[in-house]
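Chains, contacts and geometry: an overview
Take a look at the letters that make up each chain.
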Amino acid sequence: GLAGGLAAELSGEDRPPNSRQLAGLQLKNLLSARSADAQARKEERWTATDGAARAQIKAMLVACLRSGVAQAAHTAAQCVARVGGLAATERAAA
């Protein structure tokens, strides 16, 4: 899916730094919204995503934290924080 493709681009060490950063920002925006209604829809979409796909996205993001490209690592950290927030919301709702 889109989130997986963006995570792959962000974590791709062979990709240009600007491309990686843009992919990460798009991924972050895919997972977060300013309004409560839009955020609820994004949370529903994330939780409806296959568990294996979510695990793969998380693994790519965590791996990207170790990137030597500061832009990519920083953007991955933002995405990891957002995914963590979604996981906390999911656990609280359960």
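What comes next concerns the included structure.

1. Regarding the overall build of the chain
Within the chain, the regular secondary structure consists of five helices and zero strands. Across the chain, helices and strands are ordered from the amino to the carboxyl terminus as α-α-α-α-α. The C-alpha atoms of the chain give a radius of gyration of 13 Å, which matches the 12 Å a tight globule of 94 residues would have. Dimensions of the chain, computed from the C-alpha atoms along their principal axes, are close to 40 × 25 × 20 Å.

2. Here's the deal with the side chain of Gln39
Tracing the backbone through its elements, the reader meets Gln39 in helix H3 (residues 36-48). Within the local environment of Gln39, its side chain forms a polar contact with the backbone nitrogen of Ala33, the two atoms lying 2.6 Å apart. Here Gln39 is in contact with Leu31, Ser32, Ala33, Arg82 and Leu86, once residues within four sequence places are set aside.

3. Some thoughts on the nonpolar core
Among the nonpolar cores identified, the biggest contains 17 residues, and Leu10, Leu27, Leu31, Trp46, Ile57 and Leu61 are the most heavily contacted of them. The set of elements that each furnish at least two residues to this core consists of helix H1 (2-11), helix H2 (17-31), helix H4 (51-64) and helix H5 (70-93). Among residues more than four places away in sequence, those in contact with Trp46 are Leu31, Arg54, Ile57, Lys58, Val83 and Leu86.

4. A look at the packing of H1 against H2
To describe two helices that pack against each other, one gives the angle between their axes and the distance between the axes. The interhelical angle for the contact between H1 and H2, taken along N-to-C directions, is 145 degrees, at an axis separation of 7 Å. For the element pair H1 and H2, the recorded crossing hand is left-handed. Contacts from Leu2, Ala3, Leu6, Ala7, Glu9, Leu10 and Ser11 of H1 reach H2 at Ser19, Arg20, Ala23, Gly24, Gln26, Leu27 and Leu30. Its residues assigned to classes, the contact of H1 with H2 comprises eight nonpolar, four polar and two charged.

5. Details of the side chain of Arg82
Inspection of the secondary structure assignment puts Arg82 in helix H5. Not counting the four nearest positions on each side in its chain, Arg82 is found in contact with Lys28, Leu31, Ser32, Gln39 and Glu43.

6. Some words on the pattern of salt bridges
For the coordinates displayed, the defined rule picks out two salt bridges. A salt bridge links Glu9 to Arg15; its shortest N-O distance comes to 2.9 Å. The partner of Glu13 in a salt bridge is Arg20, and the shortest N-O contact between them spans 3.2 Å. The partly exposed category is assigned to Glu13, whose relative accessible area is 48%.

7. A short note on the environment of Lys58
Relative to the helices and strands, Lys58 resides in helix H4. Overall, the relative accessible area of 35% leaves Lys58 in the partly exposed class. Residues Lys58 and Arg15, spaced 43 residues apart in sequence, show a C-alpha to C-alpha distance of 19 Å. Residues within four places of Lys58 in sequence aside, it is in contact with Trp46 and Val83.

Cut-off values and rules
Residues numbered from 1 in each chain as written. Predicted model: local features only at pLDDT ≥ 70, side-chain atom pairs only at ≥ 80, totals over all residues. Heavy atoms only, no water. Helix = DSSP H or I, 4+ residues; strand = E, 2+ residues; numbered from the N terminus. Rg over C-alpha atoms; globule rule 2.2 N^0.38 Å. Polar contact = N/O pair within 3.5 Å; in protein donor to acceptor, adjacent residues only side chain to side chain. Contact = heavy atoms within 4.5 Å. Core = buried A, V, L, I, M, F, W, Y, C linked by side-chain atoms within 4.5 Å. Buried < 20%, exposed > 50% of the residue type's maximum accessible area, 1.4 Å probe, protein only. Axes fitted to C-alpha atoms, helices over the stretch in contact; angles between N-to-C directions. Left-handed = near helix turned anticlockwise from the far one by under 90°. Nonpolar A, V, L, I, M, F, W, Y, C, P; charged D, E, K, R; others polar. Salt bridge = Lys/Arg side-chain N within 4 Å of Asp/Glu carboxyl O.

Purely geometric stuff here, so don't read any function into it on its own.
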